[in-house]
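Letter by letter, the chains look like this.
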Amino acid sequence: MITLEEIKNFLKEYDGPDINIMEVCGSHTDAISKNGIPSMLSERIHLLSGPGCPVCVTPSSYIDRLIALSMEEGMVIATFGDLIRVPGSSMSLSDAKGQGAKVVMVYSPMDILDMAKKDPDKTYVFAAVGFETTTPVYACLMDEIIKQDIKNIRLLTALKTMPRVIDHLMEEGAPIDGFLAPGHVSVVTGYGVFEPIAEKYKIPFGVSGFSGQELLVALYGIVKNAGCGVVKNYYPSVVTKEGNTKAKSLTDTYFEVSDASWRGMGMVGGSGMELKEEYKKYDMGSKGLYEDHKKNKACRCDQVLMGKIKPNDCPLFGKTCMPENPQGACMVSTEGSCFSYFANGRTM
Amino acid sequence: MNKTITMQHGSGGSATAELIHEVFESAFSNEILSQMEDAAAVDGAAKIAMTTDSFVVTPLFFPNGDIGRLSICGTVNDLLSRGAYPKYITCGFIVEEGASVDDLKKIARSMSETAAEAGVQIVAGDTKVIEGSGGVYINTTGVGFLTDDRDISAANARPGDAIIVTGNLGDHHAALLSCRMEVENDIQSDNAPLNDIVDHIRKFNIHTLRDVTRGGLATVLKELAEASRQKFIIEDALLPVDSGVRDFCGIMGLDPLYMGNEGKMAVILPEAEAKEALKSIKESRYGENAAIIGRVESPGSVEEEGGLYSRTNIGGLRSLSVLMGEGLPRIC
């Protein structure tokens, strides 16, 4: 049995070939920064932040559509906090709010049920962004809307799925030798979904929890398994191979696989979810929101999201692009890689 | 009088007089205020500390506190942060039409009780009524006496100093967020006047005192490190955080280091005196969970000057900045 001290020593003293490990979950990026993990690794172990923060990968046309809706008479946009400050092609929802847009921030999609019932003359549009972790919650919302026969709620969806985009990154030649697999997503999907990709590219995946110890153990496992197409589950307390079948089945009731546009990365076939045909009447025009215009041409969020550069390699980082005035989406959320590097003084 | 505030209550006429009499005078009455002069004439000191703060919190009432108590605590604690003895407070109310008179009475009573606890007199006040939907906003200005030449300042932290925090982090912020989100839990606001803590440690050679409010401990310490041009190091394992607040933060994706308090101080003084000072704080009212959490070091490089670092629980080193963004809960 190896001890945590031995794992720490191994990671600090590692002198094998350089290894690039990508974390594809914004919560992991945040936890890595908060635990000071970069300071505990050998210079040969490089951490890269991937496209795992849902607001970071939402294309500008989606934000633009939300803003346009929020300005329409009788329309109210409900959203999670993070999304409010993400720039569209010219402004954010927060900017639009200053110009009279009707935007309410909620902590759970279920909050919208009461709001809509009390205000039947208005149409409430929920900005439904997220990965496999959040989609089942929108499915629960759909369940309630239908059960309670609420007529004035719609979804504007920009839902993404994880395994397909990881495959896409590897197809595009991202310089990645191992993945720290997302803990929350794996709870729902099961770690089995990563096995075909691990085998295809002969790279190790380590499913990790979010404590410092769990992250160190997973990183150790990934380095040790470099070159092997294996998926190791280091979060067995909540992650299984099959995942949460109930949540998956609820999701499948209302949503189906679609193509999706990722900010800075373009279209990735089969990497999204949208409402099924029979529930399209609850959709507020999510189809076709693929275009993606940078607010600032020099922004390099796309390369950050693909692990090609570190956030601090972007010419705007910490200069014109800061949390108070983000030029790209990765500087908005606490789970965005640029925000996490900036707020925690990370350089590696 | 009416049960809710109307624009008439701001007219300056009889309705205003009735509001002042029934709500404020009855709660605040003292020999200075009761003179009803345009300005209060009070005893002074050779050197005074003065501060002002505005309170716009919602909801007006939250677990273990309300906007009235908060408006006294905030200003009193700012005076204490300069080592002053808080003496006088003035309060300006901006009340939106539709506000409940009963709520105003409760707020005024709470201010009066908190002022008594903090040993300050409310010597002047003003009320304005504006259009709106029942909101209440309070500004308080405070005066404290400075009785010696000690210079307690943000810029005075020195290498070899210890950093003490006088209690659990994030209580107020977590209580308010829980209220707004209608999450049921036992988290209570820590809003409190900290006179007793400061009085207990006046005998020590305090370099810096700072009220830990918006932005949380990390923001406050980063500002102090920059003002003093030193390097601060804190230990995550030593930070006092209530288990309920820690769990709430974990679920919401918030960091207790960036959660606001309304009844905590950061105290910086020479390490040699730290243990005795900690003992004194722990014996004070509201100081039972105080802890020594870190130290001030001489910066080893230009980058480290004004730097705030935390040694994490697993032994990593993290560089901390002031609060960025709005501390919004995460979405996944």
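Draft legend 1. Inspection of the sheet that holds strand E11 (residues 266-275) of chain A at higher detail. Residues and elements named next belong to chain A. In spatial order, the strands read E4-E3-E5-E6-E11-E10; together these six strands make up an open sheet with mixed pairing. The two strands at the open ends of the sheet, each matched to only one other strand, are strand E4 (103-105) and strand E10 (255-262). Taken pair by pair, the neighbouring strands of this sheet meet at an average axis angle of 30°, ignoring direction. Lying over the sheet, helix H5 (residues 111-118) contacts strand E3 (75-79), E4, strand E5 (123-130) and strand E6 (153-160), oriented at roughly 165° with respect to E5. Docked against the sheet, helix H7 (residues 162-171) engages E6, E10 and E11, running at close to 175° with respect to E11.

Draft legend 2. A look at the interface of chain A and chain B. Between chain A and chain B, the residue contacts involve 32 residues of the former and 23 residues of the latter. Summed over both sides, the interface of chain A with chain B buries roughly 2,200 Å², with 62% coming from carbon and sulfur. Three residues stand out in chain A for area buried against chain B, namely Lys-34, Asp-82 and Tyr-107 of chain A, and they jointly supply 25% of the buried area on that side. Where chain A touches chain B, the interface holds zero salt bridges. Our count for the contact surface shared by chain A and chain B stands at five residue pairs in polar contact (both at pLDDT 80 or more). Sorting the residues of the side of chain A that touches chain B by element identifies helix H2 (26-34), helix H10 (212-224) and helix H13 (337-343) of chain A as the ones contributing at least two each. Among the residues forming the side of chain A that touches chain B, the class breakdown is 13 nonpolar, 13 polar and six charged.

Draft legend 3. Broad picture of the sheet that holds strand E9 (residues 231-235) of chain B. Residues and elements named next belong to chain B. One open sheet holds the seven strands; their spatial order is E8-E10-E7-E11-E9-E12-E13, and the pairing between them is mixed. Both edges of this open sheet fall to strand E8 (208-211) and strand E13 (317-320), since each of them pairs with a single strand only. Averaged over all pairs of adjacent strands, the angle between strand axes in this sheet comes to 25°, irrespective of strand direction. Relative to strand E10 (residues 265-270), E8 runs antiparallel, the two being bridged by four bridges. Residue pairing for E10: Thr-208 is matched across the bridge by Ile-268. Lying over the sheet, helix H6 (residues 216-228) contacts strand E7 (161-165), E8, E9, E10, strand E11 (291-297), strand E12 (308-311) and E13, oriented at roughly 145° with respect to E8.

Draft legend 4. Structural context of the nonpolar core. Counting residues in each nonpolar core, the largest one holds 75 residues, and the members touching the most others are Tyr-62, Leu-83, Ile-166, Phe-179 and Phe-205 of chain A. If sequence neighbours within four positions are ignored, Phe-205 of chain A has contacts with Ile-166, Phe-179, Ala-181, Phe-194, Ile-197, Ala-198, Ile-222, Val-230, Val-231 and Lys-232 of chain A. Phe-24, Phe-62, Ile-72 and Ile-152 of chain B belong to the second largest nonpolar core, which has 52 residues in total.

Conventions we followed
- Residues numbered from 1 in each chain as written.
- Chains lettered and ligands numbered in written order.
- Predicted model: local features only at pLDDT ≥ 70, side-chain atom pairs only at ≥ 80, totals over all residues.
- Heavy atoms only, no water.
- Pairing = 2+ DSSP bridges.
- Helix = DSSP H or I, 4+ residues; strand = E, 2+ residues; numbered from the N terminus.
- Axes fitted to C-alpha atoms, helices over the stretch in contact; angles between N-to-C directions.
- Contact = heavy atoms within 4.5 Å.
- Buried area = accessible area lost by both parts, 1.4 Å probe.
- Salt bridge = Lys/Arg side-chain N within 4 Å of Asp/Glu carboxyl O.
- Polar contact = N/O pair within 3.5 Å; in protein donor to acceptor, adjacent residues only side chain to side chain.
- Nonpolar A, V, L, I, M, F, W, Y, C, P; charged D, E, K, R; others polar.
- Core = buried A, V, L, I, M, F, W, Y, C linked by side-chain atoms within 4.5 Å.
- Buried < 20%, exposed > 50% of the residue type's maximum accessible area, 1.4 Å probe, protein only.

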